[in-house]
Amino acid sequence: MKLTPKETDVITLVAAGYSDKEIGVHLKISYGTVRDYVDKIILKTRARNRTHAAMLYGREHLEWFLSIQQ
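Described in the following lines is the structure provided in the data block. (Residues numbered from 1 in each chain as written. Predicted model: local features only at pLDDT ≥ 70, side-chain atom pairs only at ≥ 80, totals over all residues. Heavy atoms only, no water.)

**Topic: helix H2 (residues 20-27)**
Defined as follows: Any residue under 20% of the maximum accessible area for its type is buried, any over 50% is exposed, and the rest in between are partly exposed; the area is computed with a 1.4 Å probe on protein chains only. The secondary structure listing takes helices from DSSP runs of H or I that are at least 4 residues long and strands from runs of E that are at least 2 residues long, numbered from the N terminus. When we speak of the arc, we mean the arc of directions from the helix axis to the C-beta atoms. Throughout, a residue-residue contact means that at least one pair of heavy atoms, one from each residue, lies within 4.5 Å.
Where H2 is concerned, the buried positions are Asp20, Ile23, Gly24 and Leu27. Axial view of H2: buried residues confined to an arc of 100°, hence all on one face. Opposite the buried face of H2, at more than 90 degrees from it, the exposed residues are Lys21 and Val25. Elements that come into contact with the buried residues of H2 comprise helix H1 (5-15), helix H3 (31-45) and helix H4 (50-60). One or two positions beyond H2, positive phi appears at Lys28, with a value near 60°.

**Some thoughts on the side chain of Glu7**
Relative to the assigned elements, Glu7 resides in helix H1. Residue Glu7 is classed as buried on the basis of its relative accessible area, which comes to 3%. Other than its neighbours up to four places away in sequence, Glu7 contacts Tyr37, Lys40, Ile41 and Lys44.

**So, the packing of H1 against H3**
Operational definition: A fitted line through C-alpha atoms serves as each axis, taken over the contacting stretch for helices, and the angle formed by two N-to-C directions is quoted from 0 to 180°. Roughly parallel covers angles under 35 degrees, roughly antiparallel covers those over 145, roughly perpendicular covers 65 to 115, and oblique covers all other angles. Under the grouping applied here, Gly and all other residues not named as nonpolar or charged are polar, the nonpolar ones being Ala, Val, Leu, Ile, Met, Phe, Trp, Tyr, Cys and Pro and the charged ones Asp, Glu, Lys and Arg.
At their nearest, the axes of H1 and H3 sit 10 Å apart, and the two run at 90° to each other. By the angle class used here, H1 and H3 are roughly perpendicular. Packed against H1, whose contacting residues are Lys6, Glu7, Val10, Ile11 and Val14, the element H3 presents Tyr37, Val38, Lys40, Ile41 and Lys44 at the interface. Residue classes in the contact of H1 with H3 are distributed as six nonpolar, no polar and four charged.

Below is the structure:
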């Protein structure tokens, strides 16, 4: 799956357990913008929800996913 750099930033933080509000603060974007990115990521990954999208992205990028779990 091909995500934009900003979508990659967002899904990384979703996978790390950040809330939309925390993601917005961390990336200096609004809560609504975070929601827009999450919605786009869910569509691109054909996921059921944000958690499923993070899992799918993590599966495709396993080395990355394991690094954020430590």
